[in-house]
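Descriptive analysis of the structure
Residue strings, one per chain:
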Amino acid sequence: MEDLVSINKLNIEARTRAGTLKVVNDLSFTIKKSETLCVVGESGCGKSVTALSLMSLLPEGILKVSSGDILFDNINLARLSEAELEGIRGNEISMIFQEPMTSLNPLFTVGEQVSEVIRRHKNLNKEKAWASAVELLDAVKIPNPDKRAFDYPFQLSGGQRQRVMIAIALACQPKILIADEPTTALDVTIQAEILALINMLKQETGTAVMFITHDMAVVAQMADRVVVMHPGQKVEEGTVHEIFNNPQHEYTKALLAAVPKLGEMASKKYPEPMRLVGEKKTNALKPIVGTNEPLLKVNNLVTRYPVKGGVLRRTVARVHAVEDVSFTIMKGKTLSLVGESGCGKSTVGRSLIRLVEPTSGNVNLDGQNILSLNPKDMREARSNIQMVFQDPFSSLNPQRPLFDQVAEPLRNYGTVKREVLQEKIGDLFDRVKLPRSFMRRFPHQLSGGQRQRIAIARALALNPKMIIADEAVSALDVSVQAQVLNLMMELQVDLGLSFLFISHDMAVVERVSHDVGVMYLGRLVEIGPRPSIFRNPQHPYTQDLLKAVPIADPDKRKSERDLNFKPLPSPIHDLSHDPVPSEYKEVAKDHYVLTTDCGY
Amino acid sequence: MLLVLLVVVVLNFFMLHLAPGDIADTIAQTMGGADEQDMAELRKQYGLDQPFFIQLLNYVVKVALLDFGHSHFYNLPVFDLIMERFPATLLLVFSAQILSIFVGILLGVYAAQNPNGLSSLFVNMFSLFGYAAPVFWTGILLLIAFSLHVPIFPVSGMRDITIESSNFFVHFFDVLRHLFLPMITLASIFFAYYSRLCRASMLEVLGADFVRTAKAKGLSKKDVLLKHALKNSLSPVITFAGLSFSAVVSGAILVETVYSWPGLGTLAFNSIISRDTPVLLGILIFSTLMVTVGNLLTDLTLKALDPRIKI
């Protein structure tokens, strides 16, 4: 088939204070008409920059194409004037971006934003452009498009905003759609829907797609052909089956090995670290057995936030964030909580150490009732449970050296004498496999994975019995994610730690957990041993959630028929609302399913 | 808003009481002295023999009925005196404010397009000059320049009384001509703030994702800049405009004095010199009113600009 885009020996340079830096190095590939080409690689590999250069939208003065050609439809884009390029952008080449929350202008209605691009490129008057914008919103499955067109972006959910972005991108029937990590910021259920939508629209309109992602599972879902990039260069190119079944380059193999695949743990009773390519074989990949001694018992935990309103700021309603949740975590084992954003899983974690005050319930840590402690005893108790947060960029103080940040909990509790502090921190750095020379560095000098190791070192400083990891690896690249997960599992074996692992990534959860709890709208809908939950999900929500997870295998693609999600109902109820307690049925040994109506 | 006004009125009353002496003393002084009996008579006449709270209540009720007392210097009711001057100040304050916002935004947008270039440097220097130079100095400088060297604009007063025409537009343009210099002088302090604020917020917005989206739609540079980016970068400028209203009003007093602009400022200046307290307090209440109305306007503008803001 004919080539639509052909990139020839493209070189892109970044101008920095330290001099010019090659971001893209001699890159060549082609995109054929109506095919989907996935460009895959980790952050900083130059994949987004390549996409921007195809749009001729490289940030001026920072990035520059130094040599090479980009041919689009046999036209050399470098030869076109700015006005000619403006006529192509949004019309023949269009693009959707990663962050649906910020990619739309907050001050214009979505109807205006969709019709704007139509009016720019098609000679239509205001009314006709608006009508066709409404049609487009319908095509991307926004409910009641004629009314929602008058909504502002802040009135739409993340998934809906990404649909609007797709409507804008496809408004002028472009020849190629560039999708730059369009689902990375979305929940797995919404991701599945958006991917299915892009596939469906692609088939209807015959547009080519250049799909940029770091997620091999998404590649398997979408791609006809794949280009693998590793710092600025193409290391491998091939059809999706060639890449997945017979990868040639070491980096592709490593990338595939680092992706936890849903279902690969089915035959194993206990979690075990991942086998990473290039790591020394001395690393024992032994299963993590744990103990059967309970560490943390949570009974009937309820957390509700007041919604204030009116002139007197009285409580007018309540957000039912966590509703009658009970579970137990054993010493040396991991319990994972999974669910979509807004399901209350993070609130559970925060309630346990009373960062938010639970409304009622019982939290028992090693025989101590956490919820009845006075502030002084609570402070002592907190040293037993530490947290690691999602965003390694904002959870460290940018202006303090790392030594101080890791030492801070020890200084706070005064448990370690000053003379041995240096040695103790050094040990912690060894523990998380960071060189001791990093102690004098600042957070901005570290990569995301290294920062997350610092966060883990800080959590370990007080020798806690348990760590709450709230989406601790979600913001990391796959290979880094695998390393951090392995580190956490290694610490679990060595120190006998328990983990409460909060995540939306089912494949990661399958890899690390002994037990799994699935949450929906504040309730725990299903809980039990990991193999039992994954092999035999009983609750309809768990079943649908598992169906939505893309599998890193091009032969197991999902079609839109597999998906039927309802939008999450509101957890806000008026003061008189008194939900019924959660009742469970034991369907297998230790495997419980909610029988109360949870709203799904 | 009404609460703010009430608080100011009450504070006014306290200030009146804190100052040594009262109206009776002042009047007696101007009359060249009075004996105890006359003083008591005067105090009774002005209600000063009443208990404190009754006096406070009386004062608040009087202000609510737009009775600010009597100016013994001009021998006119304070309210009439203020109403005669108020429109001139209102005109000066609003025109200067609008001019400085408009020019500030223009300069800010211009500078943001090329933040490290020569144009940006020029705008920065210009605005630095604006807020470093004291307003009376700028005023006098312009005054000298326009009275001695290029006498194209009148440098004093608000109207030319020699014009004998019944045509509205002739008078209108006469006032505009007189307004020009005081307006520029007053606005010069604020160009700086607005242009710097607008430049900074424009620079931030230009890096935002939705600006990239707008470019990816194929919109022209002008549309990206003036439609998508500008609207999003206005809110800090407008917020600051609301906050600076009081500064503009107080700046107006200096400017009016320099240019003999017949507004509240010159009135305030004269009242200070002649210790005409009722007039001063009346002006204070009117300034408060102007500032609160200015703030209300700001809030309404912000609301109109950003659908996410709820009042």
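Residues numbered from 1 in each chain as written. Chains lettered and ligands numbered in written order. Predicted model: local features only at pLDDT ≥ 70, side-chain atom pairs only at ≥ 80, totals over all residues. Heavy atoms only, no water.

**Quick notes on the overall build of chain A**
For chain A, the helix and strand inventory stands at 19 helices and 23 strands. Against the compact-globule benchmark of 25 Å for 600 residues, chain A has a radius of gyration of 26 Å, which places it among compact chains. For chain A, the proportion of its 600 residues judged to be buried stands at 55%. For chain A, contacts bridging at least 24 residues in sequence account for 69% of all contacts bridging at least 6. Of the roughly 25,900 Å² of accessible surface on chain A, 49% is carried by carbon and sulfur atoms. The average position of the 72 basic charges and that of the 70 acidic charges among the side chains of chain A differ by 5 Å. (Helix = DSSP H or I, 4+ residues; strand = E, 2+ residues; numbered from the N terminus. Rg over C-alpha atoms; globule rule 2.2 N^0.38 Å. Buried < 20%, exposed > 50% of the residue type's maximum accessible area, 1.4 Å probe, protein only. Contact = heavy atoms within 4.5 Å. Areas by Shrake-Rupley, 256 points an atom, 1.4 Å probe, with all protein chains shown as cover. Lys, Arg positive; Asp, Glu negative; His and termini not counted. Charge placed at Lys NZ, Arg CZ, Asp CG, Glu CD.)

**Focus on the overall build of chain B**
From N to C terminus, chain B includes 13 helices and two strands. Along the longest, intermediate and shortest principal axes, the C-alpha atoms of chain B span 85 × 50 × 40 Å. Residue burial in chain B is summarised as follows: out of 311 residues, 42% are buried. Put simply, 73% of the contacts in chain B that link residues at least 6 apart link residues at least 24 apart. As displayed, chain B has an accessible area near 16,800 Å², and 69% of this comes from carbon and sulfur atoms. The positive charge centre, built from 19 side chains, and the negative charge centre, built from 20, are 23 Å apart in chain B.

**What about the layout of surface pockets?**
Over the atoms, a rolled probe matching the size of one water molecule traces out where space is still vacant. Empty space within the second largest pocket amounts to approximately 1,300 Å³. Contributing to the lining of the second largest pocket are 38 residues, with L57(A), L58(A), P59(A), E60(A) and K215(B) lying nearest its centre. Top contributing element to the lining of the second largest pocket by residue count: strand β4 (residues 63-72) of chain A, with six residues. (1 Å grid on protein atoms, 1.4 Å probe; cavity = no way out; pocket = protein on both sides within 12 Å on 5 of 7 lines; lining within 4 Å. Points joined across faces, edges and corners; volume = space filled by probe spheres on them.)

**A look at unusual backbone geometry**
Although it is not a glycine, N300(A) sits at a positive phi angle of roughly 50 degrees. In this fold, N300(A) is placed in strand β11 (residues 294-309). Take N300(A): its relative accessible area is 42%, and that puts it in the partly exposed class. Of note in this structure, N75(B) is not a glycine but carries a positive phi near 55 degrees. Note that N75(B) resides in the loop between β1 (70-71) and β2 (76-77).

**Considerations on the packing of aromatic side chains**
Within the structure shown, the criterion is met by 13 aromatic pairs over all chains. Connected via pairs of aromatic rings, a cluster forms that spans F190(B), Y193(B), Y194(B) and F240(B). Lying across the ring of F108(A), K227(B) places its NZ or CZ 5.5 Å from the centre. Lying over the aromatic face of F108(A), K231(B) brings its terminal NZ or CZ to 4.6 Å of the ring centre. (Phe/Tyr/Trp six-rings, centres within 6.5 Å; stacked < 30°, edge-to-face > 60°. Lys NZ or Arg CZ within 6 Å of the ring centre and 35° of its normal.)

**Thoughts on the sheet that holds strand β15 (residues 368-369) of chain A**
Residues and elements named next belong to chain A. Strands sit in the order β15-β14-β11-β12-β21 across an open sheet of five strands; the sheet is antiparallel. Of all strands in the sheet, those with a lone pairing partner are β15 and β21 (572-574), marking the two edges. The pairing of strand β14 (residues 360-365) with β15 spans two bridges and is antiparallel. By the bridge assignment, N364 is partnered in β15 with N369. (Pairing = 2+ DSSP bridges.)

**What to know about the interface of chain A and chain B**
The partner chain B presents 19 residues to the 24 residues of chain A that form the contact. Carbon and sulfur atoms make up 61% of the area that chain A and chain B hide from each other, which totals about 2,100 Å². When the area that chain A buries against chain B is broken down by residue, the three leading residues are L107(A), F108(A) and E116(A), summing to 30%. Counting across the chain A and chain B interface gives two salt bridges. For the salt bridge of K227(B) with E116(A), the shortest nitrogen-to-oxygen distance reads 2.9 Å. The interface formed by chain A and chain B includes 12 residue pairs in polar contact (both at pLDDT 80 or more). Contributions of two or more residues to the side of chain A that touches chain B are made by α3 (110-121) and α6 (158-170) of chain A. At five residues, α3(A) tops the list of elements feeding residues into the side of chain A that touches chain B. Residues belonging to the side of chain A that touches chain B are distributed by class as follows: 13 nonpolar, six polar and five charged. (Buried area = accessible area lost by both parts, 1.4 Å probe. Salt bridge = Lys/Arg side-chain N within 4 Å of Asp/Glu carboxyl O. Polar contact = N/O pair within 3.5 Å; in protein donor to acceptor, adjacent residues only side chain to side chain. Nonpolar A, V, L, I, M, F, W, Y, C, P; charged D, E, K, R; others polar.)

**Here we look at α3(A)**
Relative to the 16 Å expected for 12 residues at 1.5 Å per residue, α3(A) spans 18 Å between its end C-alpha atoms, a close match to the ideal helical length. Counting buried residues along α3(A), nine of its 12 residues qualify, which places the element largely inside the surrounding structure. Listed as buried for α3(A) are V110(A), G111(A), Q113(A), V114(A), S115(A), E116(A), V117(A), I118(A) and H121(A). Contacts made by the buried residues of α3(A) are with α2 (82-88), α4 (126-139), α5 (145-148) and α6 of chain A together with α10 (221-243) of chain B. (Expected span 1.5 Å × (residues − 1).)

**As for a negative patch on the surface**
A cluster of acidic residues, D35(B), E36(B), D38(B) and E41(B), forms a negative patch on the protein surface. With relative accessibility at 68%, the residue E36(B) sits in the exposed group. (Patch = residues over 30% accessible without salt bridge, like charges linked within 9 Å, V, L, I, M, F, W, Y side chains within 5 Å.)

**Observations concerning the confidence of the model for chain B**
Residue and element names in this part refer to chain B. Summarising the model, chain B shows a mean pLDDT of 82, and 94% of its residues fall at 70 or more. Here helix α2 (residues 23-31) is the element of chain B with the lowest mean pLDDT, 68, and helix α9 (residues 209-216) is the one with the highest, 91. For this predicted complex, the interface score ipTM comes out at 0.77, while the overall pTM is 0.79. (pLDDT = per-residue confidence, 0-100.)

**Regarding the sheet that holds strand β22 (residues 584-588) of chain A**
Residues and elements named next belong to chain A. As summarised here, the arrangement of the eight strands in space is β16-β17-β18-β13-β19-β20-β23-β22, forming an open sheet in which the pairing is mixed. At either end of the open sheet lies a strand with only one pairing partner, and these are β16 (385-388) and β22. When the angles between neighbouring strand axes are averaged without regard to direction, this sheet yields 20 degrees. As judged from the six bridges shared by strand β19 (residues 515-520) and strand β20 (residues 523-529), these two strands associate in the antiparallel manner. Within β20, the position partnered with G517 by the bridge is I527. Relative to strand β18 (residues 498-503), helix α11 (residues 345-352) is tilted by about 150 degrees, and along the sheet it contacts β13 (334-338), β16, β17 (466-470), β18 and β19. Its contacts with the sheet place helix α19 (residues 540-548) against β13, β19 and β20, and it is angled at close to 100 degrees to β19. (Axes fitted to C-alpha atoms, helices over the stretch in contact; angles between N-to-C directions.)

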